[in-house]
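What the coordinates show
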Amino acid sequence: MAARCGQALQVKPGLKAEKIVNALRALDKVQAPREGHMDGAPNQDNQAYRVLARKYRPSTFQDLIGQEPMVQTLTNAFRLGRIAQAYMLTGVRGVGKTTTARILARALNYEADGIDGPTIDMPRLGAHCEAIIKSGHIDVIEMDAASHTGIGDIREIIDAVKYKPATARYKVYIIDEVHMLSQAAFNGLLKTLEEPPEHVKFIFATTEIRKVPVTILSRCQRFDLRRIDAERMVAYLKDIAEKESVDVSEEALFMLARASEGSVRDALSLLDQAIAHGSGKVDQDEMRNMLGLADRARVIDLFEHVMAGRVAEALAEIRAQFDLGADPLVIMSDLAEFTHLVTVAKVSDGIPSNFAISNLERDRATAFAEALPVRVLSRAWQFLLKGIEEIQGANKPLHAADMVIVRLAYAADLPTPDEALRALRDNGGMPAGSPPSSTGGTGMSTGHGGGQAVSQSAASALRTETAPLPDGEPVALQAGETRPTQRPRPVLATNNPAPQSVPMDDKAADPVPLTKIQRFEDLIALAEEKRDLALRSALINHVSLVAFEDGRIEFAPTESAPQGLAHNLKAALSEWTGRTWSVAVSREAGAPPLAEQWAEEERQRSRDAEEDPVVAEVLRRFPGAKIVNVTYREETNGDAGLPPAPDDDDM
């Protein structure tokens, strides 16, 4: 025994023999193995309570759950004798990085009857196992990089690695949260990490792998520890509950699995808390109260109200959940999570089995996926993400959640721009009481105040009327506007307008093929219809028109015109009209480009408006005011249609 302790015990002169014997016995008690005494199998003599996360901490690679790829790699490496000098373990909190590091240190130093070499198979405690598991072995040094960040701490390691281990096979350094080391500390570790002595192994653990320099990573074997999927987590928690003789409902286990987000330590900590909260019995109501969660079934009911546009019912539901103790932020998060679940069910062949959901959630999500289009689900997701940010910064989260619900419910059945335009083109407006298209609605009853009413109002807002100028130029006018007395810039009211010379058939879905292009403005409208925005922009900004007729165009390009404009224009016209066009580039100076003409017309409108007595008086009484837009109102029957001019006192 004294030989084994050689370097660990220093005997001072004058120390009595009795004290020496007692010291040796104490050290032997720490070093000697005791069967069954480990975190996975607690010592019955110790009555102190240990939390579940420590009580059921894995002690072998076989006890690890969800990390089969890493175990397989290490098993093959140990069998072939290809043991690296350094390992990097990364993953989210609670997946077992530190536990894996200790198990790996135990495997490197495993000594038992008949086994004297590194091995993955450790059927019983070896000579060093218990001390390593309890972080008390003299040759397995654990260091927390969060509190030992400097180069001085690394120098101590560099100075110590030259000495061989006292009792074990390898001297193992476990550095947790290694990303917290300073840059100087990383640099100081590089050379030792690349060429360490044969008796030294390094094991690093981190949650922020991107903060570790690549020079360190390149010298390590990296293992990414995975999150535990929901199905395996539920089975694991159920097994722990049976060992603890605790009655836990299946719904509560699903709640725990969702809340843990793949972290075993978080799941066990929550289970520990739930057992205490429920006095030894855990059901979904107790779990919901403890976590501040909303009832999952009621969240689905809220989703149904919102998607159907039943605003009053949705607001009443969220108020009822709030009165029962649910956090509005949690309600919105659960609503977003269910929206994601329905979307996954919509775009894939069913819901994957690794989702921690009950059969009720799975059935209802599948039903919603069959009824709702992807555009509605995608828009709901965006609304909820923005709403969650608003609730987080709101003084009254419930009020913010109400506004998110209102916004989402009224937009649930809103058509996309192409659907609205298609409906306007086909029917001249949105048919009352029907969705914009065969795929435009949600397939659900809208109730009162729902999204369909919003769809109709949106269609009304998009609807425009076209009034020709005296020379026949088409101008899109918004509701309440009339034809201007001067030629304005043509405003394309939709994303798919038709040229003036293209007759539209109310019963036809597509316009009649174009036969003639009489005016240059018709050519611009045709480019817009064909969605050739680059050519349309060039025609407006870089073409000084010299002559134009059907089948022939002559122009002078500006200095900044794109190269090959004439060639591109000729090719496009031939493709669009089915005829060969004559496109000539002239040396003569043509008319100013349309963009310059429109800008000058707008400036002239502003000058005309400034000369108006009423406008001039407004500008005088409001210093700093300026004219930003001028709209002409059509005068019918003289001035009868205009409101009376205000008196000075009214101003």
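Here we summarise the structure given alongside this text. The structure presented is a predicted model; accordingly, all values stated were derived computationally and were not measured.

1. Observations regarding the overall build of the chain
Looking only at helices and strands, the chain has 26 helices and 14 strands in total. Each of the 651 residues in the chain was classed as buried or not, and the buried ones make up 43%. Just so you have it, the chain exposes about 34,500 Å², and 50% of that area is on carbon and sulfur atoms.

2. Quick look at the pattern of salt bridges
Inspection of every chain in the model, using the stated rule, returns 21 salt bridges. Of the charged contacts in the structure, one is a salt bridge between glutamate 244 and lysine 55, with a shortest N-O distance of 2.9 Å. Note that glutamate 244 is positioned in the loop between α10 (230-243) and β8 (247-248) and lysine 55 in helix α3 (residues 52-55), a separation of 189 residues in sequence. A residue is classified by how much of its surface remains accessible, and lysine 55, at 23% relative accessible area, is partly exposed. The partner of arginine 298 in a salt bridge is glutamate 317, and the shortest N-O contact between them spans 2.7 Å. Note that arginine 298 is positioned in helix α14 (residues 296-308) and glutamate 317 in helix α15 (residues 311-323), a separation of 19 residues in sequence. Given the relative accessible area of 11%, glutamate 317 is considered buried.

3. A closer look at the sheet that holds strand β6 (residues 200-206)
The parallel open sheet is built from 5 strands, whose spatial order is β4-β5-β6-β1-β7. Two strands bound the open sheet, and with one partner strand each, they are β4 (140-144) and β7 (221-224). Between one strand axis and the next, the sheet turns by 15° as a mean value, whatever way the strands run.

4. Describing the nonpolar core
Of all hydrophobic cores here, the largest spans 37 residues; its most connected members are Phe303, Met307 and Met332. Those elements giving two or more residues to this core turn out to be α14, α15, α16 (328-347), α17 (359-371), α18 (374-392) and α19 (397-411). At 8 residues, the largest contribution of residues to this core is made by α16. Listed in part, the 31 residues of the second largest apolar core include Ala105, Ile120, Tyr170 and Val172.

5. Considerations on the packing of α16 against α19
Where α16 contacts α19, the axes come no closer than 9 Å and their chain directions differ by 30°. Considering their axes alone, α16 and α19 lie roughly parallel with respect to each other. Judged by residue contacts, Pro328, Met332 and Leu335 of α16 engage Pro397, Leu398, Ala401, Val404 and Ile405 from α19. Of the residues assigned to the contact of α16 with α19, the class counts are 8 nonpolar, no polar and no charged.

6. Quick notes on the pairing of β4
Look at any regular strand and the pattern is simple: side chains alternate between the two faces of the sheet. Here β4 runs beside strand β5 (residues 171-176); their pairing, made up of 5 bridges, is parallel. Bridging across to β5, aspartate 144 finds its partner in aspartate 176. Of the crossover connections in this fold, the one passing from β4 over helix α7 (residues 151-160) to the parallel β5 is right-handed.

7. Here's the deal with the environment of leucine 181
Within the fold, leucine 181 resides in the loop between β5 and α8 (183-194). Classification of leucine 181 as buried rests on a relative accessible area of 5%. When the C-alpha positions of leucine 181 and isoleucine 151 are compared, they lie 8.4 Å apart, and in sequence the two are 30 residues distant. Sequence-distant contacts of leucine 181, defined by excluding residues within four places in its chain, comprise Met143, Ala145, His148, Thr149, Ile154 and Phe186.

8. What about the sheet that holds strand β12 (residues 543-549)?
Read across the sheet, 3 strands follow the order β12-β13-β14 without closing on themselves; strand pairing throughout is mixed. Looking at the sheet topology across the chains shown, the edges are occupied by β12 and β14 (582-585). Taken pair by pair, the neighbouring strands of this sheet meet at an average axis angle of 20°, ignoring direction. Inspection of the sheet shows strand β13 (residues 552-557) paired to β14 by 4 bridges, in the parallel sense. Counterpart to phenylalanine 555 in the pairing with β14 is valine 585. Of the strands in this sheet, β12, β13 and β14 touch helix α24 (residues 565-577), which is tilted by about 170° from β14.

9. Focus: the packing of aromatic side chains
On inspection of all chains with the given rule, the structure shows 8 aromatic pairs. Between phenylalanine 338 and phenylalanine 368, the ring centres sit 6.0 Å apart and the planes meet at 90°, which makes this aromatic pair edge-to-face. Note that phenylalanine 338 is positioned in helix α16 and phenylalanine 368 in helix α17, a separation of 30 residues in sequence. The interplanar angle of 40° and the centroid separation of 6.1 Å between the aromatic rings of phenylalanine 548 and tryptophan 581 together place this pair among those described as tilted. One end of the pair, phenylalanine 548, is in strand β12; the other, tryptophan 581, is in the loop between α24 and β14, with 33 residues separating them in the sequence. The residues phenylalanine 548 and tryptophan 581 share a single accessibility class, namely buried.

10. Section: unusual backbone geometry
Phi at serine 135 is positive, roughly 60°, even though this residue is not glycine. Relative to the helices and strands, serine 135 is located in the loop between α6 (129-133) and β4. Phi is positive for serine 245, which is not a glycine, with a value near 55°. Tracing the backbone shows serine 245 in the loop between α10 and β8. Overall, the relative accessible area of 67% leaves serine 245 in the exposed class.

Parameters and conventions
- Residues numbered from 1 in each chain as written.
- Predicted model: local features only at pLDDT ≥ 70, side-chain atom pairs only at ≥ 80, totals over all residues.
- Heavy atoms only, no water.
- Helix = DSSP H or I, 4+ residues; strand = E, 2+ residues; numbered from the N terminus.
- Buried < 20%, exposed > 50% of the residue type's maximum accessible area, 1.4 Å probe, protein only.
- Areas by Shrake-Rupley, 256 points an atom, 1.4 Å probe, with all protein chains shown as cover.
- Salt bridge = Lys/Arg side-chain N within 4 Å of Asp/Glu carboxyl O.
- Pairing = 2+ DSSP bridges.
- Axes fitted to C-alpha atoms, helices over the stretch in contact; angles between N-to-C directions.
- Core = buried A, V, L, I, M, F, W, Y, C linked by side-chain atoms within 4.5 Å.
- Parallel < 35°, antiparallel > 145°, perpendicular 65-115°, else oblique.
- Contact = heavy atoms within 4.5 Å.
- Nonpolar A, V, L, I, M, F, W, Y, C, P; charged D, E, K, R; others polar.
- Right-handed = clockwise from strand over helix to strand, strands pointing away.
- Phe/Tyr/Trp six-rings, centres within 6.5 Å; stacked < 30°, edge-to-face > 60°.

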